[in-house]
Amino acid sequence: MNKIYLDNAATTPVKKEVLDAMLPYFMESFGNPSSVYQIAQINKKAVDEAREQVAKTLGANANEIFFTSGGSEADNWALKGIAEAYKDKGNHIITSKIEHHAILHTCEYLEKKGYEVTYLDVDEKGMITPEAVEAAIKENTILISIMYANNEIGTINPISEIGKIAKAHHIIFHTDAVQAMGQVRIDVKEQNIDLLSLSAHKINGPKGVGALYIRRGLKIANLIHGGGQERGRRAGTENVPGIVGLGKAIELAYEDFDAKIEKLTVLRDKLIDGLLEKIPYTRLNGHRIQRLANNVNVGVEFVEGESLLLLLDMNGVAASSGSACTSGSLDPSHVLLALGIPHEKAHGSIRFTLGGMNTEEEIDFVLEKMPSIVERMRSMSPLYEDFLNKNK
Amino acid sequence: MYSEKVMDHFMNPRNVGEIEDASGVGTVGNAKCGDIMKVYLKIDEGIITDAKFKTFGCGAAVATSSMATELVIGKTIEEALKITNRSVAEALDGLPPVKMHCSLLAEESLHAALWDYAKKNNITIEGLEEPVADVHEHDHDHEEGSGCCNA
C-alpha cells in the first residue's frame, strides 16, 4: 500500500540536499567551532554560513540570528528573555488564544511569576485584528507575541499591520513563524518584527534545531549560561550538522518559491473543495484566502476525529485531528474552541497539511476514500441517527 | 498505541445497530466530551439474548462498545452487572491510560440499558443504581485516566 503523508505541519522529511549538506559535519569535520585549529575553523565557517542563510531569508543581519534547539525553545526564550530584561519597564504581555502551547504555557508560567497576560480573541476564521491588538495595549505593556500563521487552521495573521502598531507604541513585537516559514515571504525590518521564532524540521530540515531572530539593540536575558557561543546568550557547543541543515533547508524553502506555493495552493483548493462537495455536513475551519498554502482543516459533523484518522491510516493516509482523543488531554483543540466552534463539533475536525512531495493522485485518493470513511463512522453514530430522525 | 484486539473491534465492530423492540436502551456520555454510547438490550426471561450499539467516539470508544456487547450476550442480568470497565478493557488486551474513561462508558451504558429495562417492567434489579444522565459528571476519580473535558 502506498503511504500518503499529509501531516507536514507536524513535521517534514529531511530533503536529500539538506542531508548531504549535513553529513560531512558528523565524521569528517567534527571539530568544535570554538577551537582555533583548522579542522575546527571549517565548522565555524559552516555555522557562520548557515547564520547568513537564515539572516538573508528574513531580511536580517547575521548577528541577529541565534540558533536554538527548535521552535519551542525560541518561543520560550523570546517571552521569558524579554519579560525579564524589560521588567522595570512593565509586566504586561499581549498574545492570542490560538498560539502554540510553547507560547501559551510560557505565558501561564510568566503569569505565575507576576506578569499580566492578555489573550486576544480571534474571529471565526481565526484572525487576530490589528485593532484588537492596539486596544489591548496598556501603559505597562512590554511585549506583543502573535503567531504568523496558525499550525492547526493555517490562518495567516496581519503581521505587518501588527508590527506597525507595535512600533508606533514602542512595544517589542515577537512572532512565532514556525508554521509560516517557507510559505510566506518574511522581511523582519519591513514588517517591524523584533523577534521571530523558526524551526528546521517544518521546512524539510532536521529535528532539534531552530533559531530566534533578535533585533539588534534589544535587551534579552541570556538563555543558557556557559561558554561564549551564540554571543554568550545561548551557551553550549553548537549543533553544527543541525545548524548546517537548517541553513540549507531555509535556502531551499525559498527557491522557486512562487511555483511551489502555486502548486500547493492548487492541491489544497482541490482537497478543500472536494471534501466540502463530496461529504455533506462539513465546513472549512479557518480562513479561505488568508491561509497557508498547505493547510486543509475540515470539520466533519457527527463523527469523532480520531476514528477518522485510524480509518485513514488503514488506507495509508497520515493526517491529524483537533479531537481530544489525539491530544492526550481529552479536551478538543484550543484553537478550534477559540473560533467559537462548540466542543462536540471540534471533536470532529481533520487536518491535512501538504508538502512538496504530494501529488494530485494522492489528493484524488483521499477524496475517493474520505466519503466512505465518514459514512462508515456516521452509520454507527447516535448523533447522526438523532439528526436524521429530527429531519425526517 | 492500541492493541491488535482494540483495532480489530474498531475495524470490525460487532453488534453495530439498533434493536427495534429492545427490552432496554441506555445512552451515556455527551458530545461535548467527544463520546456517546447507546446500547440496546433484548432480554428474555432474565437472559440477555441480543445486544446492539451505536457510538460516537474515538477508536477506543467503538472497540469498548463492541466488546461490551459481545461480553453481555448470553449472560443473565446478574452476570451482566458484573461486567466492569476493567473487564471490558482486559478483554481488549488493555487500553492506553488516557482511554480508560471510554471503557467506563461501556460499563455505564450497559447499566443504563438494564435500568431502562427494570423501569419499563417495574422491577428492581439488585445492585443496580440509577445511572447519571452524564457519566462525565459522575465522580470516577478512582479510575485511572478518568475525567473528560474540564469545560
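As annotated in an unreviewed UniProt entry, chain B is Fe-S cluster assembly scaffold protein NifU from Sporanaerobium hydrogeniformans.

As recorded in an unreviewed UniProt entry, chain A goes by the name Cysteine desulfurase NifS, listed as coming from Sporanaerobium hydrogeniformans.

Moving on to the overall build of chain A. Helix and strand counts for chain A come out as 14 helices and twelve strands. With the C-alpha coordinates aligned to their principal axes, the bounding extent of chain A is approximately 75 × 55 × 35 Å. By the burial criterion, 52% of the 392 residues in chain A qualify as buried. Long-range contacts, defined as pairs at least 24 residues apart, comprise 72% of the intrachain contacts of chain A with a sequence gap of at least 6.

With 24 residues of chain B at the contact, the number on the chain A side is 22 residues. At the level of secondary structure, the elements contributing two or more residues to the side of chain B that touches chain A comprise helix H1 (4-11), strand S2 (35-44), strand S3 (47-56) and helix H2 (59-72) of chain B. For the side of chain B that touches chain A, the residue count by class is 13 nonpolar, seven polar and four charged.

All names here are of chain A. Strand order in the open sheet made by the three strands is S9-S10-S12, with antiparallel pairing throughout. Strands at the two margins of the open sheet, each flanked by one partner only, are strand S9 (282-284) and strand S12 (349-353). Going across the sheet, the axis of each strand differs from the next one's by a mean of 25°, ignoring polarity. For S9 and strand S10 (residues 295-300), the ladder comprises three bridges, and the chain directions are antiparallel. Along S10, the bridge assignment pairs Arg-283 with Gly-299. Along the sheet, helix H8 (residues 257-278) contacts S9, S10 and S12; its crossing angle with S10, the most-contacted strand, is approximately 10°.

Here we take up helix H3 (residues 71-85) of chain A. Residues and elements named next belong to chain A. Across its 15 residues, H3 extends 21 Å between first and last C-alpha, which sits within 8% of the 21 Å expected from 1.5 Å per residue. With eleven of 15 residues buried, H3 is to be regarded as a mostly interior element. Along H3, the residues that are buried comprise Gly-71, Ser-72, Glu-73, Ala-74, Asp-75, Trp-77, Ala-78, Leu-79, Gly-81, Ile-82 and Ala-83.

This part covers the domain arrangement of chain A. Residues and elements named next belong to chain A. Looking at chain A, the domain boundaries give domain 1 (16-253) and domain 2 (256-390). If you look at the interface, domain 1 gives 16 residues, while domain 2 gives 19 residues. Here the side of domain 1 that touches domain 2 is built from residues that sort into six nonpolar, six polar and four charged.

With that settled, the discussion passes to the packing of helix H9 (residues 305-314) of chain A against helix H13 (residues 360-379) of chain A. Residue and element names in this part refer to chain A. The contact between H9 and H13 brings their axes to 10 Å, and the two run at 135°. Relative to H13, the element H9 lies oblique. Crossing hand, H9 versus H13: right-handed. Facing Ser-307, Leu-308, Leu-311 and Leu-312 of H9, the residues of H13 in contact are Ile-373, Val-374, Arg-376 and Met-377. Its residues assigned to classes, the contact of H9 with H13 comprises six nonpolar, one polar and one charged.

In this section: the sheet that holds strand S1 (residues 24-30) of chain B. Pairing in this open sheet of three strands is antiparallel, and the strands run S1-S2-S3 (chain B) from one edge to the other. Looking at strand neighbours, the two that pair on one side only are S1 and S3 of chain B, the edges of this open sheet. Pairwise comparison of adjacent strand axes, ignoring direction, gives a mean angle of 15° for this sheet. Relative to S3 of chain B, S2 of chain B runs antiparallel, the two being bridged by nine bridges. Bridge pairing in S3 of chain B links Asp-44 of chain B to Ile-47 of chain B. Contacts from helix H14 (residues 382-390) of chain A reach S1, S2 and S3 of chain B within the one sheet, and its direction differs from that of S3 of chain B by about 85°.

As a further point, take the nonpolar core. Side chains of nonpolar character tend, in soluble globular proteins, to be buried together. Ranked by size, the top nonpolar core spans 153 residues in total, and within it Ile-144, Ala-211, Leu-212, Tyr-213, Leu-246 and Leu-308 of chain A together with Leu-41 of chain B carry the most contacts. Sort the elements by how many residues they give to this core and helix H5 (residues 100-120) of chain B lands first, with ten residues. Of the domains in this structure, domain 1 (16-253) and domain 2 (256-390) of chain A are the two that each give at least three residues to this core. Other than its neighbours up to four places away in sequence, Ala-211 of chain A contacts Val-54, Ile-65, Phe-66, Phe-67, Thr-68, Ala-74, Leu-198 and Leu-246 of chain A.

What follows is about unusual backbone geometry. Unusually for a residue other than glycine, Asn-15 of chain B sits at a positive phi of about 65°. Along the chain, Asn-15 of chain B turns up in the loop between H1 and S1.

So, on to the packing of H3 of chain A against helix H4 (residues 101-112) of chain A. Residues and elements named next belong to chain A. Look at H3 against H4: their axes get within 9 Å of each other, and the N-to-C directions meet at 30°. When the axis of H3 is compared with that of H4, the two are roughly parallel. Both H3 and H4 take part in a crossing whose hand is right-handed. Across the interface between the two elements, Gly-71, Ser-72, Asp-75, Asn-76, Leu-79, Lys-80 and Ala-83 from H3 touch Ala-102, Ile-103, Thr-106, Cys-107 and Leu-110 from H4. When the residues that make up the contact of H3 with H4 are grouped by side-chain class, the tally is six nonpolar, four polar and two charged.

About the criteria used
Residues numbered from 1 in each chain as written. Chains lettered and ligands numbered in written order. Predicted model: local features only at pLDDT ≥ 70, side-chain atom pairs only at ≥ 80, totals over all residues. Helix = DSSP H or I, 4+ residues; strand = E, 2+ residues; numbered from the N terminus. Buried ≥ 20, exposed ≤ 12 C-beta atoms within 10 Å, placed from the backbone. Contact = placed C-beta atoms within 7 Å. Nonpolar A, V, L, I, M, F, W, Y, C, P; charged D, E, K, R; others polar. Pairing = 2+ DSSP bridges. Axes fitted to C-alpha atoms, helices over the stretch in contact; angles between N-to-C directions. Expected span 1.5 Å × (residues − 1). Domains from an automatic or database assignment. Parallel < 35°, antiparallel > 145°, perpendicular 65-115°, else oblique. Left-handed = near helix turned anticlockwise from the far one by under 90°. Core = buried A, V, L, I, M, F, W, Y, C linked by C-beta atoms within 7 Å.

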